[in-house]
Amino acid sequence: MTGTYIQEKLRPNHCFGCGLDNPYGLQIHSFWEGDEVVCRWTPKHYMTGPPNFLYGGISASLIDCHSVNAAVAYANRQAGHEEAFDPELFMVTGTMTIKYHKPVPMHEVELRARIAKVEGRKYLVHTDILSNGERCVSGEVLAIRIARMG
Ligand SMILES: CCCCCCCCCC(=O)SCCNC(=O)CCNC(=O)[C@H](O)C(C)(C)COP(=O)(O)OP(=O)(O)OC[C@H]1O[C@@H](n2cnc3c(N)ncnc32)[C@H](O)[C@@H]1OP(=O)(O)O
């Protein structure tokens, strides 16, 4: 699946973070790299918080959506639906914890997610935001599987 974006398998999708059908959103593109789900994303100039650094809420949104998409991709991979996702294997964020280690410069970042634990309908995902290979933000997201909304 490396090289194929997870979000292409989740359409239509107007989610602010991961919806390819939302022209006003963050439009993340995530893909498998081994056992990790990776996304490279560049901030818009107006997404600052502290001068010259990324707004922390955007970092949280990136971690949120990338992690939930990683969990959905993982569940589909485990179920043998890697090519075309099962629309019933859908998840939402239950809980999220974010740790800001360093300010994030206003250029391309890399997100790296790995599935840490699966327990029933609960998928625990650890995601880091790296800038120039250095970890700036880390997050723990508990994605909960539900029957698809909407
Ligand atoms: C087309 C593709 C689009 C992709 C979109 C990606 C989404 C991007 C991320 C988001 O922004 S999602 C939006 C923000 N999240 C929400 O709006 C979720 C709102 N909450 C709910 O809908 C429900 O509370 C939820 C589905 C999370 C749980 O309700 P349920 O009735 O299904 O769960 P239930 O009470 O049966 O609990 C199931 C298990 O999850 C646990 N749990 C439930 N809610 C939890 C919670 N909030 N945090 C932690 N654990 C939770 C609960 O303890 C239990 O654990 P055990 O199985 O071990 O007993």
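Residues numbered from 1 in each chain as written. Predicted model: local features only at pLDDT ≥ 70, side-chain atom pairs only at ≥ 80, totals over all residues. Heavy atoms only, no water.

### Observations regarding the overall build of the chain
So, step 1. For the chain, the count of helices and strands is 1 helix and 6 strands.
So, step 2. Starting at the N terminus and ending at the C terminus, the chain contains elements arranged as β-β-α-β-β-β-β.
So, step 3. The C-alpha atoms of the chain give a radius of gyration of 15 Å, which matches the 15 Å a tight globule of 150 residues would have.
So, step 4. Considering only C-alpha atoms, the chain reaches an extent of 45 × 30 × 25 Å along its principal axes.
So, step 5. As presented, the chain carries roughly 7700 Å² of accessible surface, and 51% of it is formed by carbon and sulfur atoms.
So, step 6. Distance between charge centres in the chain, computed from 15 positive and 16 negative side chains, equals 4 Å. (Helix = DSSP H or I, 4+ residues; strand = E, 2+ residues; numbered from the N terminus. Rg over C-alpha atoms; globule rule 2.2 N^0.38 Å. Areas by Shrake-Rupley, 256 points an atom, 1.4 Å probe, with all protein chains shown as cover. Lys, Arg positive; Asp, Glu negative; His and termini not counted. Charge placed at Lys NZ, Arg CZ, Asp CG, Glu CD.)

### Points about the confidence of the model for the chain
Detail in the predicted coordinates should be disregarded across regions flagged by low pLDDT.
So, step 1. On average, the chain scores 95 in pLDDT, and the residues at 70 or more come to 97%.
So, step 2. At the level of chain-chain contacts, confidence expressed as ipTM amounts to 0.96, with global pTM at 0.96. (pLDDT = per-residue confidence, 0-100.)

### Observations regarding the sheet that holds strand E1 (residues 30-33)
So, step 1. With respect to topology, 6 strands assemble into an open sheet ordered E1-E2-E4-E5-E6-E3, the strand pairing being antiparallel. What marks the edges here is a single partner per strand, and that holds for E1 and strand E3 (90-100). Sheet twist, expressed as the mean angle between neighbouring strand axes with direction ignored, is 25°.
So, step 2. Examined bridge by bridge, strand E5 (residues 122-131) and strand E6 (residues 134-146) share 10 bridges and lie antiparallel to one another. In the sheet register, Val125 faces E6, and the bridge partner there is Val141.
So, step 3. Relative to the sheet, helix H1 (residues 56-78) contacts E1, strand E2 (36-41), E3, strand E4 (109-119), E5 and E6, its axis offset from that of E3 by approximately 135°. (Pairing = 2+ DSSP bridges. Axes fitted to C-alpha atoms, helices over the stretch in contact; angles between N-to-C directions. Contact = heavy atoms within 4.5 Å.)

### Concerning the side chain of His66
So, step 1. Looking at the element boundaries, His66 is found in helix H1.
So, step 2. Given the relative accessible area of 0%, His66 is considered buried.
So, step 3. Beyond its immediate chain neighbours, meaning those up to four positions away, His66 contacts Ile28, Ser30, Val37, Val38, Cys39, Leu111, Arg112, Ala113 and Thr127. (Buried < 20%, exposed > 50% of the residue type's maximum accessible area, 1.4 Å probe, protein only.)

### Let's talk about the site of the ligand
So, step 1. Among the 18 residues in the neighbourhood of the ligand, the closest are listed as Thr93, Thr95, Arg121, Lys122 and Arg148.
So, step 2. Here a nitrogen atom of the ligand and a backbone polar atom of Gly94 are 3.1 Å apart.
So, step 3. Lys122 is positioned such that a nitrogen or oxygen atom in its side chain is 2.6 Å from an oxygen atom of the ligand.
So, step 4. Alone, the ligand offers 1200 Å² of accessible surface; in the complex the protein occludes 52% of this.
So, step 5. If you list the elements that add at least two residues to the shell around the ligand, you get H1, E3 and E6.
So, step 6. Looking at the shell around the ligand residue by residue, the class counts come to 10 nonpolar, 4 polar and 4 charged. (Near = heavy atom within 4 Å. Polar contact = N/O pair within 3.5 Å; in protein donor to acceptor, adjacent residues only side chain to side chain. Nonpolar A, V, L, I, M, F, W, Y, C, P; charged D, E, K, R; others polar.)

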